[in-house]
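# Geometric and topological summary
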Amino acid sequence: MNPYIEQLYAIAQKKERLIIGLMSGTSLDGLDIALCRISGYGNETKAAVVQFETIPYSAEEKQIIRTVCSKEAISLKQLTMINPWLAILHAKMINQSLGKWKIHSSDVDLIGSHGQTIYHAPKAQHKDDRFPNATLQIADGDHLAVHTGIICISDFRQKAVSMGGEGAPLAFIADEILFRHKTENRILLNIGGIANITWLPSADSGENLQTSDTGPGNILMDSFVQDKFPGEQFDTGGEIAGKGKVDPALLKLLMKHVFFTRPFPKTTGVEEFNLDFLKEILKSFPAISNEDILATLIEVTASSVQSAIENCTNGKHSSIYISGGGAKNATLVESLKTKFPGKRILDLNELGVNGDAKEALLFALLANE
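Residues numbered from 1 in each chain as written. Predicted model: local features only at pLDDT ≥ 70, side-chain atom pairs only at ≥ 80, totals over all residues. Heavy atoms only, no water.

With that settled, the discussion passes to the overall build of the protein. Tallying secondary structure elements over the protein gives 14 helices and 11 strands in all. The C-alpha atoms of the protein give 20 Å as radius of gyration, which agrees with the globular expectation for 369 residues (21 Å, within 12%). Looking at the protein as a whole, 52% of its 369 residues are labelled buried. For the protein, the centre of its 36 positive side-chain charges and the centre of its 43 negative side-chain charges are spaced 2 Å apart. (Helix = DSSP H or I, 4+ residues; strand = E, 2+ residues; numbered from the N terminus. Rg over C-alpha atoms; globule rule 2.2 N^0.38 Å. Buried < 20%, exposed > 50% of the residue type's maximum accessible area, 1.4 Å probe, protein only. Lys, Arg positive; Asp, Glu negative; His and termini not counted. Charge placed at Lys NZ, Arg CZ, Asp CG, Glu CD.)

Encoded structure:
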């Protein structure tokens with residue numbers, strides 16, 4: 001038998017596995033690295049995050065990645081070179097973290113790598129009947145394996161698309177395994193660049209979960225701040241937005257985006273919600289303040305989350321657990337609370353999982369499966 005197949009078979013037989021999950025999102029903050037201890041599989045899975053850190057990308061690294069991200073026209077030569085380059089960079093970051101944690105690569109069973117999404121094109125978006133749902137991630141898994149000495153499992157979104165899905169969101173797999181409760185109906189809300197929800201009806205209900213992107217999470221707010229406030233990456237705590245007021249006319253135009261008319265479940269990305277989209281609409285609002293723009297963008301995120309949750313749950317949810325960068329935006333969280341009076345809105349940490357590590361944990365779980 002091929003020795004690597006034998007190695008995978010041996011890993012599968014272990015009572016417990018040490019797996020690294022990797023995530024790099026649309027915000028390009030850096031690489032999330034979660035070292036996870038996992039046993040079992042499926043609904044019998046037990047998982048714990050042993051170590052976690054986010055290693056930020058340098059300004060130059062961000063600039064390189066952005067040359068091929070979410071653009072319809074790019075250099076094919078540049079894309080071909082960046083694919084292995086990013087994997088080698090991720091491998092260096094993994095090796096750096098393992099050294100800090102005093103863990104040898106031979107003690108790690110697998111890497112589950114999300115890669116870096118550079119274009120997301122579900123059929124609902126591209127509208128060309130000749131082609132299926134499509135999504136593309138880079139940071140080649142083979143280079144990751146060679147430069148860390150650890151078996152790497154990757155291309156998870158391609159696997160989802162090949163089975164007829166849109167490749168996103170994938171968080172529901174971790175949500176189902178880790179967070180489904182016997183009696184409590186739960187919403188798992190992740191607010192990254194794009195926001196998504198998982199509706200987890202209680203196990204006793206017999207109902208099936210539902211999952212969907214809801215629309216922009218932080219992407220419009222972050223892009224606007226980076227454009228208008230040099231040196232700033234995001235509105236810390238929503239402080240700038242908190243000084244503004246929602247502009248109803250701007251809100252109405254933003255909410256006319258075609259994504260919001262599509263049926264659930266659905267996905268979207270930076271290809272649809274980006275600074276160019278925002279700037280085009282803002283041409284009609286030459287006198288509006290930066291504070292009012294950010295306050296209105298908060299309302300776009302909160303309103304689209306509200307609409308998605310109401311669509312999925314018919315008001316039957318009792319608790320909303322938030323993760324992602326948006327969980328740290330106090331103004332956004334307060335807006336969500338006003339939209340769900342009488343419902344518990346909690347940080348995912350309440351369920352014993354570091355919300356910052358959730359998506360990296362997801363890819364460790366997928367590698368385990």
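Alright, that's what it looks like, and here's the rest.
Negative phi values dominate among residues other than glycine, just as trans dominates among peptide bonds. That bond from A168 to P169 is cis: its omega, -20 degrees, falls within 30 degrees of zero. When you line up the elements, P169 lands in the loop between α6 (156-162) and α7 (171-179). Of note, the amide linkage connecting F264 to P265 takes the cis form, showing an omega dihedral of -10 degrees. Relative to the helices and strands, P265 resides in the loop between α10 (248-254) and α11 (275-282). Within the chain, A139 stands out as a residue other than glycine whose phi angle is a positive 100 degrees. Within the secondary structure layout, A139 lies in the loop between β5 (134-138) and α5 (141-148). The class for A139 is buried, based on a relative accessible area of 7%.

Here the structure, examined in full by the defined rule, presents 5 aromatic pairs. An angle of 90 degrees between the planes, with centres 5.7 Å apart, marks the rings of F273 and F277 as edge-to-face. Given the relative accessible area of 18%, F277 is considered buried. Here K266 stacks its cationic end above the ring of F259, 4.5 Å away from the centre of that ring. One cation-aromatic arrangement involves K266 over F264; the distance from NZ or CZ to the ring centre is 4.6 Å. (Phe/Tyr/Trp six-rings, centres within 6.5 Å; stacked < 30°, edge-to-face > 60°. Lys NZ or Arg CZ within 6 Å of the ring centre and 35° of its normal.)

Here we come to the sheet that holds strand β8 (residues 194-200). As summarised here, the arrangement of the 5 strands in space is β9-β8-β7-β10-β11, forming an open sheet in which the pairing is mixed. Where the open sheet ends on each side, the last strands, each with one partner, are β9 (210-216) and β11 (344-347). Strand-to-strand, the axes of this sheet are offset by a mean angle of 20 degrees, without reference to chain direction. Pairing of β8 with β9 involves 6 bridges; the strand directions are antiparallel. Each bridged residue has a counterpart across the sheet, and for I197 the counterpart in β9 is S212. (Pairing = 2+ DSSP bridges. Axes fitted to C-alpha atoms, helices over the stretch in contact; angles between N-to-C directions.)

Within helix α14 (residues 358-368), 10 of the 11 residues are buried, which leaves the element mostly enclosed by the surrounding structure. Every buried residue belonging to α14 is among K358, A360, L361, L362, F363, A364, L365, L366, A367 and N368, and all of these are buried.

Another point: the nonpolar core. What tends to happen in soluble globular proteins is that the nonpolar side chains get buried as a cluster. Counting residues in hydrophobic clusters, the biggest one holds 44 residues, and the most contacted among them are L189, L297 and L336. Counting residues per element, this core draws most heavily on helix α12 (residues 290-313), at 10 residues. The contacts of L336, once residues within four sequence positions are left out, are L189, I191, A302, V305, I322 and I345. Grouped together as the second largest cluster of nonpolar side chains are 32 residues, L18, L22, I65 and C152 included. (Core = buried A, V, L, I, M, F, W, Y, C linked by side-chain atoms within 4.5 Å. Contact = heavy atoms within 4.5 Å.)

It is worth spelling out the packing of α12 against helix α13 (residues 330-339) at this point. Across the interface, α12 lies against α13 with an axial gap of 9 Å and an inter-helix angle of 40 degrees. Taken together, the axes of α12 and α13 are oblique relative to one another. As α12 runs across α13, the sense of the crossing is right-handed. Between α12 and α13, the residues in contact are I298, E299, T301, A302, S303, V305 and Q306 and T331, L332, S335, L336 and K339, respectively. (Parallel < 35°, antiparallel > 145°, perpendicular 65-115°, else oblique. Left-handed = near helix turned anticlockwise from the far one by under 90°.)

Purely geometric stuff here, so don't read any function into it on its own.
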